[in-house]
Amino acid sequence: MATYSPHQERHPNMLRREHREWLLFVLFIGPNLFLFSVFTYWPLLYNVYLSMVRWDFLRPTMPFVGLQNYIAAFSDPRFWNIIWQTATFTIWSVGLTLVLGLLLALLLNQRLLYRNTARAVVFAPVVMSGAVVAVVWSYIFDPRYGLIDQLLSFVGLRSPNWLVDPFWAMPAVIIVYVWKNIGYAVVIYLAGLQNIPRELYDAARVDGAGAWERFWHVTLPGLSPIAFFLSVTSILSCFQAFDLIRVLTNGGPADVTTTLVFHLYELGFVSYDAGKAGVVAVVLFLIMLALTIVQIRYVERQVTYG
Amino acid sequence: MKQTFTRRELLRLMMAGGGAAVLAACGGQSGQPATQATQAPAVVSQPGSKVKITYWGSFSGNLGEAEQAMVKSFNESQNEVEVEYQFQGSYEETAQKFTAALQANTTPDVILLSDVWWFGFYLAGAIAALDDLAKQVNLDFNDYEPVLLNEGVRKGVHYWIPFARSTPLFYYNKNIWAEAGLPDRAPETWAEFTEWAPKLVKSDGSRAAFGHPNGASYIAWLFQGVVWQFGGQYSLPDFTMTMTDPNTLRAAQFYQDTVVKNKWAILSPNLNQDFLGGAIASMMASTGALAGIQANATFPVGVGFLPKETNFGCPTGGAGLAVVSRAPAEKQLAAMKYIAFATSTTNAGVWARSTGYMPVRISTKQTTEMVEFFNKNPNFKTAVDQLPKTRAQDAARVFVRNGDQIIGKGLERIIVNGEAPSSVFAAVNDELTQGAKPILEDLKAREG
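Every value quoted in this text rests on a predicted model; they were computed, and no experiment measured them.

K.L.:
Which residues make up the overall build of chain A, and what values go with them?
P.N.:
The secondary structure content of chain A amounts to 12 helices and 0 strands. In sequence order, chain A lays out its α and β elements as α-α-α-α-α-α-α-α-α-α-α-α. Computed over its C-alpha atoms, the radius of gyration of chain A comes to 25 Å, more than 25% above the 19 Å expected for a compact globule of 306 residues. Sequence-distant contacts, at least 24 apart, represent 65% of the contacts inside chain A between residues at least 6 apart.

K.L.:
Can you lay out the overall build of chain B for me, pointing to particular residues and giving the numbers?
P.N.:
Along chain B, the regular secondary structure elements total 19 helices and 12 strands. The long-range fraction of contacts in chain B, counting pairs at least 24 apart against all pairs at least 6 apart in sequence, stands at 75%. When the accessible surface of chain B is split by element, carbon and sulfur atoms take 51% of a total near 18,100 Å².

K.L.:
Would you mind going over the domain arrangement of chain B in detail, with residue names and values included?
P.N.:
Accessible area lost on assembly of the parts is the figure often given for the size of an interface. All names here are of chain B. Under the domain assignment, chain B is made up of domain 1 (48-159 + 317-386) and domain 2 (168-315 + 391-447). Here the C-alpha centre of domain 2 lies 27 Å away from the C-alpha centre of domain 1. At the interface, 30 residues of domain 1 touch 32 residues of domain 2. Both sides of the domain 1 and domain 2 interface together cover about 2,400 Å² of buried area, and 56% of this is carbon and sulfur. For the pair domain 1 and domain 2, the interface holds 2 salt bridges. The partner of Glu447 in a salt bridge is Arg154, with the nearest N and O atoms 2.8 Å apart. The tally of links between domain 1 and domain 2 comes to 10 residue pairs in polar contact (both at pLDDT 80 or more). Elements with a contribution of two residues or more to the side of domain 1 that touches domain 2: α2 (61-77), α4 (118-123), α14 (345-355) and α16 (378-386).

K.L.:
Quick rundown of the sheet that holds strand β12 (residues 317-323) of chain B? Include the residues and the values.
P.N.:
Residue and element names in this part refer to chain B. Taking strand neighbours across the sheet as the criterion, the 5 strands line up as β2-β1-β3-β12-β6 in an open arrangement whose pairing is mixed. Edge positions in the sheet fall to β2 (81-87) and β6 (161-166), since each has one partner strand and no second. The mean angle between the axes of side-by-side strands here comes to 20 degrees, regardless of whether they run parallel or antiparallel. Across the sheet, α2 is in contact with β1 (51-57), β2, β3 (110-114) and β6; its angle to β2 comes to roughly 165 degrees.

K.L.:
Could you give an account of helix α8 (residues 190-200) of chain B, naming the residues involved and the relevant values?
P.N.:
Residue and element names in this part refer to chain B. The set of residues buried in α8 consists of Trp190, Glu192, Phe193, Trp196, Ala197 and Leu200. With its buried residues spanning 140 degrees around the axis, α8 presents them on a single face. Residues of α8 that are exposed and point more than 90 degrees away from the buried face comprise Glu195 and Pro198. Here the buried face of α8 lies against β7 (168-173), α7 (174-179), β8 (210-213), α9 (216-229), α10 (246-261) and β10 (282-286).

K.L.:
Residue-level account of the environment of Ser93 of chain A, with values.
P.N.:
All names here are of chain A. Looking at where Ser93 falls in the secondary structure, it is placed in helix α3 (residues 77-108). What makes Ser93 buried here is its relative accessible area of 0%. For the pair formed by Ser93 and Gly252, sequence separation is 159 residues and the distance between their alpha carbons is 18 Å. Discounting chain neighbours no more than four positions away, the residues touching Ser93 are Ile174, Tyr177, Val178 and Cys238.

K.L.:
Give me the packing of helix α18 (residues 403-416) of chain B against helix α19 (residues 421-447) of chain B: which residues, what numbers.
P.N.:
Residues and elements named next belong to chain B. Between α18 and α19, the shortest axis-to-axis distance is 9 Å and the interhelical angle comes to 165 degrees. As far as their axial angle goes, α19 and α18 are roughly antiparallel. Crossing of α18 against α19: the hand is right-handed. Facing Gly403, Ile406, Ile407, Gly410, Leu411, Arg413 and Ile414 of α18, the residues of α19 in contact are Pro421, Val424, Phe425, Val428, Glu431 and Leu432. The class makeup of the residues in the contact of α18 with α19 is 9 nonpolar, 2 polar and 2 charged.

K.L.:
Quick rundown of the environment of Ala436 of chain B? Include the residues and the values.
P.N.:
Residues and elements named next belong to chain B. By the element assignment, Ala436 lies in helix α19. Classification of Ala436 as buried rests on a relative accessible area of 2%. Residues Ala436 and Arg401, spaced 35 residues apart in sequence, show a C-alpha to C-alpha distance of 7.7 Å.

K.L.:
How would you sum up the packing of aromatic side chains? Please name residues and give values.
P.N.:
Each aromatic ring pair is described using two quantities: the centre-to-centre distance and the angle formed by the ring planes. Counted under the stated rule, the structure contains 66 aromatic pairs over all chains. Aromatic side chains Phe74 of chain A and Trp80 of chain A sit 5.9 Å apart centroid to centroid with 35 degrees between the ring planes, which places their arrangement in the tilted category. Judged by relative accessible area, Phe74 of chain A falls into the partly exposed class, the value being 37%. If you follow Arg446 of chain B out to its NZ or CZ, it ends over the ring of Tyr122 of chain B, 4.5 Å from the centre.

K.L.:
Can you break down the confidence of the model for chain B residue by residue, with the values?
P.N.:
Residues and elements named next belong to chain B. Model confidence for chain B is summarised by a mean pLDDT of 87, while 89% of its residues fall at 70 or above. Predicted confidence for residues 1-5 stays below pLDDT 50, and this span has 17 contacts to residues more than four positions away or in other chains. Ignoring residues within four places in sequence, the model shows residues 13-41, a span with pLDDT below 50, making 36 contacts including any to other chains.

K.L.:
Kindly report on the pairing of strand β9 (residues 265-268) of chain B, identifying the contributing residues and their values.
P.N.:
Two faces make up the sheet, and in a regular strand the side chains alternate between them. Residue and element names in this part refer to chain B. Side-chain alternation along β9 places Ala265 and Leu267 on one buried face and Ile266 and Ser268 on a second face that is also buried. By the bridge criterion, 4 bridges tie β8 to β9 in an arrangement that is parallel. From the neighbouring strand, Pro213 faces β9, where its bridge partner is Ser268.

K.L.:
Quick one: what's the story with the packing of α9 of chain B against α10 of chain B, residue by residue and with numbers?
P.N.:
Residues and elements named next belong to chain B. Contact geometry for α9 and α10: axes closest at 9 Å, N-to-C directions at 120 degrees. By the criterion of interaxial angle, the relationship of α9 to α10 is oblique. Two packed elements cross with a definite hand, and for α9 against α10 that hand is right-handed. Where α9 abuts α10, its residues Ile219, Leu222, Phe223, Val226 and Val227 lie against Thr248, Ala251, Ala252, Phe254 and Tyr255. Residue classes in the contact of α9 with α10 are distributed as 9 nonpolar, 1 polar and no charged.

K.L.:
Account for the pattern of salt bridges, with residues named and values stated.
P.N.:
Counted according to the given criterion, the structure contains 21 salt bridges over all chains. Here Arg78 of chain A and Glu266 of chain A are joined by a salt bridge, their closest N and O atoms 3.4 Å apart. Residue Arg78 of chain A is located in helix α3, and its partner Glu266 of chain A is located in helix α11 (residues 260-270); the two are separated by 188 residues in the primary sequence. With its nearest N and O atoms 2.1 Å apart, the salt bridge here joins Lys409 of chain B to Glu266 of chain A. One end of the pair, Lys409 of chain B, is in helix α18; the other, Glu266 of chain A, is in helix α11, on a second chain. The residues Lys409 of chain B and Glu266 of chain A share a single accessibility class, namely buried. Three or more residues are tied together by salt bridges with common partners; here these are Arg78, Asp255 and Glu266 of chain A together with Lys409 of chain B.

K.L.:
Quick one: what's the story with the side chain of Asn379 of chain B, residue by residue and with numbers?
P.N.:
One can find Asn379 of chain B in helix α16. In this view, Asn379 of chain B contacts Leu290, Gln294, Val301, Gly302 and Val303 of chain B; residues no more than four positions away in its chain are not counted.

K.L.:
Give me the pairing of β10 of chain B: which residues, what numbers.
P.N.:
Residues and elements named next belong to chain B. Of all the 5 residues making up β10, 5 are buried; the element is thus mostly covered by neighbouring parts of the structure. When β7 meets β10, the two strands line up antiparallel, connected through 5 bridges. What sits directly across from Tyr171, in β10, is Met283.

K.L.:
Outline α9 of chain B, supporting the account with residue identities and numerical values.
P.N.:
Residue and element names in this part refer to chain B. Between the first and last C-alpha of α9 there are 20 Å, a value that for 14 residues agrees with the 20 Å anticipated at 1.5 Å per step. The axis of α9 is deflected most strongly, by about 25 degrees, at Phe223. Note on α9: the residue one or two positions beyond its end, Gly231, has a positive phi of about 85 degrees.

What counts as what
- Residues numbered from 1 in each chain as written.
- Chains lettered and ligands numbered in written order.
- Predicted model: local features only at pLDDT ≥ 70, side-chain atom pairs only at ≥ 80, totals over all residues.
- Heavy atoms only, no water.
- Helix = DSSP H or I, 4+ residues; strand = E, 2+ residues; numbered from the N terminus.
- Rg over C-alpha atoms; globule rule 2.2 N^0.38 Å.
- Contact = heavy atoms within 4.5 Å.
- Areas by Shrake-Rupley, 256 points an atom, 1.4 Å probe, with all protein chains shown as cover.
- Domains from an automatic or database assignment.
- Buried area = accessible area lost by both parts, 1.4 Å probe.
- Salt bridge = Lys/Arg side-chain N within 4 Å of Asp/Glu carboxyl O.
- Polar contact = N/O pair within 3.5 Å; in protein donor to acceptor, adjacent residues only side chain to side chain.
- Pairing = 2+ DSSP bridges.
- Axes fitted to C-alpha atoms, helices over the stretch in contact; angles between N-to-C directions.
- Buried < 20%, exposed > 50% of the residue type's maximum accessible area, 1.4 Å probe, protein only.
- Arc of directions from axis to C-beta.
- Parallel < 35°, antiparallel > 145°, perpendicular 65-115°, else oblique.
- Left-handed = near helix turned anticlockwise from the far one by under 90°.
- Nonpolar A, V, L, I, M, F, W, Y, C, P; charged D, E, K, R; others polar.
- Phe/Tyr/Trp six-rings, centres within 6.5 Å; stacked < 30°, edge-to-face > 60°.
- Lys NZ or Arg CZ within 6 Å of the ring centre and 35° of its normal.
- pLDDT = per-residue confidence, 0-100.
- Expected span 1.5 Å × (residues − 1).
- Bend = angle between axes of the 7 residues up to and from the residue.

Right, dumping it as structure tokens:
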């Protein structure tokens, strides 16, 4: 333990107390640490090993191939396409969720009739099963009998073939993802809005600030820790979005809605290529780790904590 | 807690522990030959007691009901074996769960495996050789439709018994056909259909003449027939890939034209529903869908052989039954008894009549029930008449792991993205060739 200790000479009593505290520490973290080790850390490490073998889950042997799987993945243009698609999906989904969520939260923070009902309605999709949401939306998107087509037909337009057209498939998935998850952002924003001290608004008013200035100089800075928290959680959950994609498009058409997680599923559980799936899992893990570190190191500094 | 032990150090410790575990694991795992599992241990049974076996299947809806009815009638027909039927999801999901079950050692005894899955399990030694078992239950392989049975034979040994076997069929909506003034039959050739198609389309975009499925595996199955019709193929029997054969490319160009250039075909996520709803006038689909489509259609359904081009071409498909090699000898025998029952002359007929799958036994076609059924359902007769003209699919789709997905996704790029068939299929050819390498190694190890 090469750490700073305030007392050069320790009293025997203190040593004993320290010892006891250590024991207590181990007792407290022991059970969870054990579970984490078995179900999280061990699979994580074992996956790194799997990414360096060639194995189809069936063969009796797993020949070690070193970095071959990595080289194969990185030299495949499809892999980079999928990374690009994952980024597109994440940026649009998170951006729309944060911006639209804020607008909705501002609206629902007003004294409106049936405000609580409206809040409940906005939040409802969050607690629905992703598969159910996706099935319902696949009907809404149907170009012939879907709701969107009916609405568009009032203005004389025809619905695009959302889930089959390579241009519209990704927007369709993003729309459903944002619709499903925006309620969570709204609820968190609302909590943040209610935490901004009223006095700040009063003071701003006294100083002659208009509605826009109050929003810009009071509301937004007050919400920035919330927005930061939301951006971290949304990006991480976006990277893991699977159920909607699986049911809505199954990664298609022609792979345009295949994200890293979906690719991982395909490689692992459709092509049965444990090695290549392991590579994707490692890449995904590193990306998430890097994003989290960047967010904590750089974004957090610019956040005003209230 | 004093600051004597930092989080970072704790993490470091955990990493170190984990690393050691990884090294330990490198030694384990490997080296247990799967073939050991084929030496089935015997189970001593009480005389008079029933052998209970587990059967994993993949059908839901009316197919699932028919499958369960089959199990029920087997259980009631005798008192030596009791089959417990367990639905596992789609063909893909069933295979996934079987793979997991092999790892966890919680395998069923008899399992339904589709055309693209059984071979991988054969290579891994996970499914049993059936010839001895067949002898014990007096099963006569000679009465099975040879084109279907022979697919499940490797080196003269039977591993995969045809059960829910199908072929693609051309389906058309007779009302729309009449409206367009077309003769009441399926098109003879694709050239003929290309002339017909514009008459079947509604100009407001609410109806296409033809529908392609957008599932990669399914479209690669239907396209298999089309490739043969154009004189091409996916691969040669020795696993040489032929995706860039000019005729294979010609077929792909034709597929692209139906959607991109001529615009009379669409890609549909719900092919059967679109056909039933009148959004498409015709489609190629499995014979296994026939019973369901006829039951739900509000219009007379017409079917015909697949259209020709240079040749006639039609692949077989669907699923068959296999016995799990890890099951104890007694359970393997019980499993074989169930297979013999489910594919008997009578029951192959019962199954075919309730589902639309092919009767897998030759003698079934002559039974009075079947003859009557053919008279009442000429559509089903058409499907069965096409059977002798079909053949087993190319290795690229069924034997290369994931080959169906690789081909299907390439085809999607051609149809949906409008990419040039030559460049897409060149990439597909490479991917299939890569995918075939480990299979060839395994094959050499397994068959010499």
